[in-house]
Amino acid sequence: MNSSNAFEVRGMNLHYGSFHALKNIHLDIPKNQITALIGPSGCGKSTFLRSLNRMNDLVEGCRIDGDIRMDGEDIYGKIDVNHLRKRVGMVFQKPNPFPMSIYDNVAYGPRTHGVKNKPQLDALVEKSLKDAAIWDEVKDRLKKSALGLSGGQQQRLCIARALAAQPEVILMDEPTSALDPISTSHIEELALTLKDQYTIIIVTHNMQQAARISDRTVFFLLGEVIESGETEQIFSSPRDKRTEDYITGRFG
Amino acid sequence: MKTLCRYTRRMSAFLRRHYVGSRLMNFAVHAAAAVTVLVLGFLVAYIVVRGVPNLKPSLFALQYTSDNQSMLPAIINTCTMTFISLLLAVPFGVGAAIDLTEYARRGSRLTRLVQMTTQTLSGIPSIVYGLFGMLMFNNALQLGYSMLSGALTLAIMILPLIMRTTQEALSAVPDMYREGSFGLGAGKLRTVFFVVLPSAMPGILSGVILAIGRIVGETAALMYTSGTVAKVAGLMDSGTMLALHMYKQASEGLYLNEAYATSVVLLVLVLLINLLSAKTAKLMMKGRG
């Protein structure tokens with residue numbers, strides 16, 4: 001295992017019942033970079049993302065074989081799933097803050113993992129909210145319900161909530177698809193600042209977004225990885241005809 | 001041009017016809033709402049008009065005698081009974097609902113069986129529960145006429161109600177909350193108790209309120225189990241409840257005025273309980289969504 005990779009995926013297959021959703025995936029995901037997963041709807045990119053923190057375990061009839069290693073450790077082997085999900089945080093397509101106060105939302109992760117000390121918790125909440133670039137907007141209303149925030153604020157709160165669990169990797173499943181352009185650019189800037197400390201894997205339908213923020217791009221089609229590489233190269237000189245057709249908008 | 005004219009003419013006729021239809025519909029739904037409110041208003045007004053003049057201090061004496069017809073013991077018993085029945089039924093009802101919605105496989109045969117059973121149970125008339133309670137608790141378990149056997153009977157009766165409302169409240173909690181919690185590394189138990197259950201609390205509480213309504217208004221299930229002794233009762237004593245007390249007063253025919261007075265108090269009690277529950281629900285939702 002190359003230590004500059006966060007994930008190494010070898011010969012991975014995923015079935016939903018009899019449907020073969022991901023076919024023989026080989027992929028390296030480098031640390032401290034933004035990797036964008038692109039492809040038309042139903043191509044398996046979200047499914048792939050969700051196998052990295054084992055969220056697919058919750059789906060009935062989902063079967064995975066092959067090898068997915070995080071820092072050399074087989075994440076489908078004998079590991080603590082909750083610990084894996086602490087290390088690999090996730091931001092969902094629709095902002096999903098819990099119906100509790102802003103503070104309690106951010107403190108949920110640390111509390112889950114045993115942080116009880118109040119000053120320590122306060123510091124962690126503040127740092128996470130600052131890192132998610134939402135501190136100034138919410139610092140006076142930490143005890144208010146998180147559901148009173150706007151959609152874009154809610155999504156940044158969800159990022160803060162993920163950060164507070166002190167993950168190594170952050171998975172983002174189309175994090176801006178429910179947001180307006182201004183909120184989207186906030187989240188994109190945020191992703192760029194976060195990559196110094198975290199590995200970020202983002203699923204996006206927005207080609208410009210992938211081109212703007214990602215270092216590497218992976219193109220999925222019908223459950224297969226067609227092409228992966230530096231974002232520059234994928235967008236300027238794709239090797240595969242299908243990649244070219246997709247990024248130029250000929251289908252998808 | 002001619003065709004266009006004909007077209008607009010036909011169009012406006014169409015609109016006119018629909019306009020009349022929608023006016024009619026509008027009137028019908030307003031009328032339906034008005035009738036509902038009127039019936040309820042008439043009922044309450046009737047009870048208040050007949051009952052309030054008969055409210056005398058002697059009706060609230062600590063000791064019941066056939067002269068004073070005091071309902072205070074019945075009021076106290078009603079509160080005790082409500083408390084004990086809920087204490088017995090809520091943990092089981094909510095627990096079973098959590099198991100069915102969060103742990104058991106959705107749509108499995110067991111879930112369907114339990115679902116069907118609870119639906120059937122909630123349709124059984126309360127007198128049947130009363131007979132069962134008498135045979136089971138009073139006789140077989142030798143609890144005799146007692147508040148305990150009454151409370152056990154009522155607990156069985158409201159169990160399906162609490163279970164069903166809790167189940168509905170839990171399934172109404174969006175899956176994205178569960179995913180969010182799992183995604184942060186929380187286990188099942190933490191997810192259920194810290195995220196799902198609090199979000200479902202208003203729904204669960206409204207089920208409990210419905211259950212309280214049934215308990216307070218129950219007569220048939222208690223006649224054979226807790227009995228009709230008008231005394232402040234302990235757990236193992238027989239004691240009457242407000243609704244049963246009123247039934248006795250009215251059926252004997254001698255104390256109709258007192259029965260009306262009792263029904264005013266019953267009405268106020270139910271209203272108070274509802275207000276209180278709404279208050280608690282609001283309090284619990286403070287700082288939440």
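Residues numbered from 1 in each chain as written. Chains lettered and ligands numbered in written order. Predicted model: local features only at pLDDT ≥ 70, side-chain atom pairs only at ≥ 80, totals over all residues. Heavy atoms only, no water.

A. Spotlight on the overall build of chain A. Of regular secondary structure, chain A possesses 10 helices and 10 strands. Computed over its C-alpha atoms, the radius of gyration of chain A comes to 18 Å, within 12% of the 18 Å expected for a compact globule of 252 residues. Based on the C-alpha atoms only, the size of chain A along its principal axes is roughly 55 × 40 × 35 Å. Burial status across chain A gives 55% buried among its 252 residues. Pairs at least 24 apart in sequence give 67% of the contacts found in chain A among residues at least 6 apart. Summing over all exposed atoms, chain A offers an accessible surface of approximately 10,700 Å²; the carbon and sulfur share of this is 48%. Within chain A, the 32 negative side-chain charges are centred at a point lying 4 Å from the centre of the 31 positive side-chain charges. (Helix = DSSP H or I, 4+ residues; strand = E, 2+ residues; numbered from the N terminus. Rg over C-alpha atoms; globule rule 2.2 N^0.38 Å. Buried < 20%, exposed > 50% of the residue type's maximum accessible area, 1.4 Å probe, protein only. Contact = heavy atoms within 4.5 Å. Areas by Shrake-Rupley, 256 points an atom, 1.4 Å probe, with all protein chains shown as cover. Lys, Arg positive; Asp, Glu negative; His and termini not counted. Charge placed at Lys NZ, Arg CZ, Asp CG, Glu CD.)

B. Highlighting the domain arrangement of chain B. All names here are of chain B. Per the domain assignment, the segments of chain B are domain 1 (2-54) and domain 2 (59-288). Here the C-alpha centre of domain 2 lies 37 Å away from the C-alpha centre of domain 1. Every contact between the two is made by 8 residues of domain 1 and, on the other side, 7 residues of domain 2. Together domain 1 and domain 2 conceal approximately 670 Å² of surface at their shared face, both sides included; 72% is due to carbon and sulfur atoms. Counting across the interface, domain 1 meets domain 2 through 0 residue pairs in polar contact (both at pLDDT 80 or more). (Domains from an automatic or database assignment. Buried area = accessible area lost by both parts, 1.4 Å probe. Polar contact = N/O pair within 3.5 Å; in protein donor to acceptor, adjacent residues only side chain to side chain.)

C. How the structure looks around helix α4 (residues 118-131) of chain A. All names here are of chain A. The end-to-end C-alpha distance of α4 is 20 Å, a good match for the 20 Å that 14 residues give at a rise of 1.5 Å each. Every buried residue of α4 is accounted for by Leu121, Leu124, Val125, Ser128 and Leu129. Angularly, the buried residues of α4 cover 125° about the axis, an arc narrow enough to put them on a single face. At its buried positions, α4 is contacted by α3 (102-112), α5 (135-138) and α6 (151-164). Two to three positions downstream of the cap, the backbone nitrogen of Gln120 sits 3.2 Å from a side-chain oxygen, assigning the N-cap of α4 to Asn117. Downstream of α4 by one or two residues, Ala133 has phi in the positive range, about 55°. (Expected span 1.5 Å × (residues − 1). Arc of directions from axis to C-beta.)

D. Looking closely at the packing of helix α3 (residues 109-122) of chain B against helix α5 (residues 147-171) of chain B. All names here are of chain B. Running from amino to carboxyl end, α3 crosses α5 at an angle of 130°, the nearest separation of the two axes being 9 Å. What the angle tells us is that α3 and α5 run oblique. Regarding α3 and α5, the two cross each other, and that crossing is left-handed. Residues Val114, Gln115, Thr118, Leu121 and Ser122 of α3 form the contact with α5, whose own contacting residues are Pro160, Met163, Arg164 and Gln167. A class-by-class count of the residues in the contact of α3 with α5 yields 4 nonpolar, 4 polar and 1 charged. (Axes fitted to C-alpha atoms, helices over the stretch in contact; angles between N-to-C directions. Parallel < 35°, antiparallel > 145°, perpendicular 65-115°, else oblique. Left-handed = near helix turned anticlockwise from the far one by under 90°. Nonpolar A, V, L, I, M, F, W, Y, C, P; charged D, E, K, R; others polar.)

E. Fine view of the interface of chain B and chain A. Counting from both sides, the interface comprises 20 residues of chain B and, opposite them, 30 residues of chain A. With both sides pooled, the region where chain B packs onto chain A buries about 2,000 Å², and carbon together with sulfur makes up 59% of that total. On the chain B side of the contact with chain A, Glu179, Leu184 and Arg190 of chain B bury the most area, a combined 30% of that side's loss. Viewed at the interface, chain A and chain B are joined by 1 salt bridge. Here Glu179 of chain B ties to Arg50 of chain A by a salt bridge, and the two come within 3.2 Å at their closest N and O atoms. Taken together, the links from chain B to chain A amount to 5 residue pairs in polar contact (both at pLDDT 80 or more). (Salt bridge = Lys/Arg side-chain N within 4 Å of Asp/Glu carboxyl O.)

F. Layout of the layout of surface pockets. When its volume is computed, the largest pocket comes out at roughly 600 Å³. In terms of lining, the largest pocket is formed by 22 residues, of which the most central are Leu58 of chain A together with Glu102, Arg106, Phe182 and Lys188 of chain B. Among the secondary structure elements, those contributing two or more residues to the lining of the largest pocket are α2 (81-87) of chain A together with α2 (72-103), α6 (175-183) and α7 (188-216) of chain B. In terms of residue count, α6 of chain B provides more of the lining of the largest pocket than any other element does, 4 residues in total. Class assignment of the residues belonging to the lining of the largest pocket gives a composition of 7 nonpolar, 4 polar and 11 charged. (1 Å grid on protein atoms, 1.4 Å probe; cavity = no way out; pocket = protein on both sides within 12 Å on 5 of 7 lines; lining within 4 Å. Points joined across faces, edges and corners; volume = space filled by probe spheres on them.)

G. Structural detail: the sheet that holds strand β2 (residues 19-30) of chain A. Ordered in space as β2-β1-β4-β5 (chain A), the 4 strands form an open sheet in which the pairing is antiparallel. In the strand order of this sheet, the two ends are held by β2 and β5 (73-74) of chain A, each with one partner. (Pairing = 2+ DSSP bridges.)

H. Layout of the confidence of the model for chain B. Of all residues in chain B, 95% have pLDDT values of 70 or greater, and the mean over the chain is 85. Our summary of model confidence lists the complex with pTM equal to 0.79 and ipTM equal to 0.89. (pLDDT = per-residue confidence, 0-100.)

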